[in-house]
Amino acid sequence: GESVGLHLPTLSVQEGDNSIINCAYSNSASDYFIWYKQESGKGPQFIIDIRSNMDKRQGQRVTVLLNKTVKHLSLQIAATQPGDSAVYFCAERNAGKSTFGDGTTLTVKP
Amino acid sequence: KAGVTQTPRYLIKTRGQQVTLSCSPISGHRSVSWYQQTPGQGLQFLFEYFSETQRNKGNFPGRFSGRQFSNSRSEMNVSTLELGDSALYLCASALAGGAGELFFGEGSRLTVL
């Protein structure tokens, strides 16, 4: 079946450092891979996505890398800020259904 | 543009009761999906509706059901509540449903006693 997993449940970084959050997926048929950020008391919020035919996509301070050979997805956050502290979920989307990983809690230390 | 609105935000029920949760998607969005979020299981897909038709369904028992109205608003119902149904129920809308991002509401937190 489908599953999406994250390598680490928690990640702690110093403010200003770069953060890398990793995710492994199993469904090769997924159309899109998406990263969401969830702050306490809120629903997940879209950060960035990448189509399955791409291997890199950049946004504002964020980069998503997709390695289909090893079924690995990563989210890189440049110059991490305290406001980046949240739970980050990767998700794969296929035909209207999204399957989410377990989430990585990112803590940014001032 | 207003975001996804879920009601009620919090509710407490007892075992055996039933509950109905409501979701109003972003205007123009025709796809609505529901997720259950618990600390132990993360975000689990319940079902997705598009143009009043259930298009996808997750691995939940038949006690969990939903529907979508002609104005794209959606409801989900859980009958014969169990303690394990305590969770945050999240609704998400999307333009067409096949691709692109989901826009989540803030969720309905259900506690079953």
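Let me sum up the structure you'll find in this document. Sequence order as written defines residue numbering, which begins from 1 separately in each chain. Each chain gets a letter, beginning with A, and each ligand a number, beginning with 1, in the order they are written. Per-residue local features of the predicted model are confined to residues with pLDDT of at least 70, and side-chain atom pairs are confined, for both listing and counting, to 80 or more; whole-chain, interface and lining totals are unaffected and use all residues. To obtain the side-chain values, all non-hydrogen atoms of the structure were used and water was disregarded.

1. Focus on the overall build of chain A
Link 1 in the chain: Note on conventions: DSSP H or I runs of at least 4 residues are helices, E runs of at least 2 residues are strands, and numbering of each starts at the N terminus. Within chain A one finds 0 helices and 11 strands.
Link 2 in the chain: In sequence order, the secondary structure elements of chain A are arranged as β-β-β-β-β-β-β-β-β-β-β.
Link 3 in the chain: The C-alpha radius of gyration computed for chain A amounts to 13 Å, which stays within 12% of the reference 13 Å derived for 110 residues, consistent with globular compactness.
Link 4 in the chain: Along the longest, intermediate and shortest principal axes, the C-alpha atoms of chain A span 40 × 25 × 20 Å.
Link 5 in the chain: For every residue, the accessible area (1.4 Å probe, protein chains only) is compared with the maximum for its type, and the residue is labelled buried under 20%, exposed over 50%, or partly exposed between those bounds. Residue burial in chain A is summarised as follows: out of 110 residues, 44% are buried.
Link 6 in the chain: Considering only residue pairs separated by 6 or more positions, chain A has 52% of its internal contacts joining residues 24 or more positions apart.
Link 7 in the chain: With residues, only the protein chains shown are counted as cover, and all accessible areas are computed by Shrake-Rupley using a 1.4 Å probe. Entry remark: accessible area of chain A is about 5300 Å², with carbon and sulfur atoms responsible for 47%.
Link 8 in the chain: Counting 11 positive and 10 negative side-chain charges, chain A places the averaged centre of each group 3 Å from the other. Both definitions apply: the radius of gyration is a C-alpha atom measure, and the globule rule equals 2.2 Å times residues to the power 0.38. The contact criterion used is simple: two residues touch if any of their non-hydrogen atoms lie within 4.5 Å. For this count, His and the chain ends are skipped, Lys and Arg are scored as positive, and Asp and Glu as negative. For charged residues, the charge sits on one atom: NZ in Lys, CZ in Arg, CG in Asp, CD in Glu.

2. Points about the state of the cysteines
Link 1 in the chain: The definition used for a disulfide is geometric: two cysteine sulfur atoms within 2.5 Å. Applying the stated criterion across every chain, the model contains 2 disulfides over all chains.
Link 2 in the chain: At a sulfur-sulfur separation of 1.9 Å, the disulfide partner of Cys23(A) is Cys90(A). What sets the handedness of the Cys23(A) and Cys90(A) disulfide is the S-S torsion sign, and at about 55° it is right-handed. Pair noted here: Cys23(A) is in strand E3 (residues 19-25) and Cys90(A) is in strand E9 (residues 86-94), with a separation of 67 residues, a long-range link. Across this residue pair, the class does not change: Cys23(A) and Cys90(A) are buried.
Link 3 in the chain: Put simply, Cys23(B) and Cys91(B) are joined by a disulfide, and their sulfur atoms are 1.8 Å apart. The sign of the -60° torsion about the S-S bond sets the Cys23(B)-Cys91(B) disulfide as left-handed.

3. Quick look at the packing of aromatic side chains
Link 1 in the chain: When the centres of two rings from Phe, Tyr and Trp lie within 6.5 Å, Trp using its six-membered ring, the rings pair. Their planes under 30 degrees apart give stacked, over 60 give edge-to-face, and anything left gives tilted. Enumeration according to the criterion identifies 11 aromatic pairs over all chains in this entry.
Link 2 in the chain: Seen in terms of ring centroids, Tyr25(A) and Phe33(A) are 4.4 Å apart; in terms of plane orientation they differ by 45°. Their pairing is tilted. Take Tyr25(A) and Phe33(A): they sit in the same class, and that class is buried.
Link 3 in the chain: Geometrically, the ring pair formed by Phe47(B) and Tyr49(B) is edge-to-face, given 5.7 Å between the ring centres and 65° between the ring planes. Side by side, Phe47(B) and Tyr49(B) carry an identical accessibility label, which is buried.
Link 4 in the chain: Only when the NZ of Lys or the CZ of Arg is both within 6 Å of the ring centre and within 35 degrees of the ring normal is a charge said to sit over the ring. Over the ring of Phe50(B) we find Arg55(B); its NZ or CZ atom is 4.4 Å from the centre of that ring.

4. Notes on unusual backbone geometry
All names here are of chain B.
Link 1 in the chain: Cis geometry marks the peptide bond from Thr7 to Pro8, where omega comes out at -10°.
Link 2 in the chain: Unusually for a residue other than glycine, Ser51 sits at a positive phi of about 50°.
Link 3 in the chain: If you trace the backbone, Ser51 turns up in the loop between strand E5 (42-50) and strand E6 (53-57).
Link 4 in the chain: Residue classification places Ser51 among the partly exposed residues on the basis of a relative accessible area of 33%.
Link 5 in the chain: One non-glycine residue, Thr80, adopts positive backbone phi at about 45°.
Link 6 in the chain: Of note, Thr80 is situated in the loop between strand E8 (74-78) and strand E9 (87-94).
Link 7 in the chain: On the basis of relative accessibility, which here comes to 47%, the residue Thr80 falls in the partly exposed class.

5. Thoughts on the sheet that holds strand E3 (residues 19-24) of chain B
Residues and elements named next belong to chain B.
Link 1 in the chain: Strands sit in the order E1-E3-E8-E7 across an open sheet of 4 strands; the sheet is antiparallel. Every interior strand has two partners, whereas the edge strands, strand E1 (5-7) and strand E7 (64-68), have only one. The mean inter-strand angle of the sheet, taken between neighbouring strand axes irrespective of direction, is 15°.
Link 2 in the chain: Two strands pair when backbone bridges link them, and E3 and E8 are joined in this way by 5 bridges, in the antiparallel orientation. Within E8, the residue paired with Thr20 across the bridge is Asn77. Pairing between two strands is assigned when DSSP locates at least 2 bridges connecting them. In this analysis, axes come from line fits to C-alpha atoms, helices being fitted only over the stretch in contact, and the angle between any two N-to-C directions falls in the range 0 to 180 degrees.

6. Quick look at the interface of chain A and chain B
Link 1 in the chain: At the junction of the two partners, chain A supplies 18 residues and chain B supplies 20 residues.
Link 2 in the chain: As a working definition, buried area equals the accessible area (1.4 Å probe) given up by two parts on being put together, with both sides summed. For the pair chain A and chain B, the summed buried surface comes to about 1500 Å²; carbon and sulfur atoms form 52% of the total.
Link 3 in the chain: When a carboxyl oxygen of Asp or Glu lies within 4 Å of a side-chain nitrogen of Lys or Arg, that pair is called a salt bridge. Our count for the chain A to chain B interface comes out at 0 salt bridges.
Link 4 in the chain: As used in this structure description, the phrase polar contact means that two N or O atoms lie within 3.5 Å; if the pair is within protein, one of them must be able to donate a hydrogen and the other to accept it, and residues adjacent in sequence are counted only when both atoms belong to side chains. For the pair chain A and chain B, the number of links is 2 residue pairs in polar contact (both at pLDDT 80 or more).
Link 5 in the chain: Secondary structure elements with two or more residues in the side of chain A that touches chain B: strand E4 (32-38), strand E5 (45-51), E9 and strand E10 (97-100) of chain A.
Link 6 in the chain: Examining the composition of the side of chain A that touches chain B, we find that 4 residues originate from one element, E4(A), more than from any other.
Link 7 in the chain: Of the residues assigned to the side of chain A that touches chain B, the class counts are 8 nonpolar, 5 polar and 5 charged. For this classification, the nonpolar set comprises Ala, Val, Leu, Ile, Met, Phe, Trp, Tyr, Cys and Pro, the charged set comprises Asp, Glu, Lys and Arg, and every other residue, Gly included, is treated as polar.

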